[in-house]
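# An overview of the molecular structure
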Amino acid sequence: MTRNFARDGVAAGHQPGWCSSSRAAIAREVAAKTRDLHHDVTAMAQEDHDVLRAELDQIHGALAAG
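These figures come from a predicted structure and were not determined experimentally. (Residues numbered from 1 in each chain as written. Predicted model: local features only at pLDDT ≥ 70, side-chain atom pairs only at ≥ 80, totals over all residues. Heavy atoms only, no water.)

### So, the side chain of S22
When you line up the elements, S22 lands in the segment before α1 (23–34). Once residues within four sequence positions are removed from consideration, S22 is found in contact with Q15, P16 and G17. (Helix = DSSP H or I, 4+ residues; strand = E, 2+ residues; numbered from the N terminus. Contact = heavy atoms within 4.5 Å.)

Given below as structure tokens:
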């Protein structure tokens with residue numbers, strides 16, 4: 001059993017110029033945007049909790065029945 005989570009705009013951005021000359025700025029931008037990633041993942045899991053619980057209960061009922 002697998003679950004997929006998607007939330008747009010969690011870590012997106014851009015820097016003008018070449019990657020090699022903007023490496024430090026890119027690293028700072030990525031760090032700033034992913035700092036709250038744990039919070040975002042936890043929030044998505046909590047949003048999905050009731051649906052997941054219902055699906056698991058349904059599977060468990062089907063297995064218990066035979």
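Now that the structure has been shown, we can carry on.
### What to know about the environment of E47
Examined against the element boundaries, E47 turns out to sit in helix α2 (residues 37–65). Relative accessible area serves as the criterion here: at 56%, E47 is assigned to the exposed category. C-alpha of E47 to C-alpha of T34: the two residues are 13 residues apart in sequence and 20 Å apart in space. (Buried < 20%, exposed > 50% of the residue type's maximum accessible area, 1.4 Å probe, protein only.)

### Considering α2
Here α2 is 29 residues long and its end C-alpha atoms lie 40 Å apart, about the 42 Å a rise of 1.5 Å per residue gives. Of all the bends found along α2, the most pronounced is centred on H49 and spans about 50°. Listed in full, the buried residues belonging to α2 are D40, A43, M44 and D48. (Expected span 1.5 Å × (residues − 1). Bend = angle between axes of the 7 residues up to and from the residue.)

Everything listed here is a matter of geometry and, on its own, says nothing about what the molecule does.
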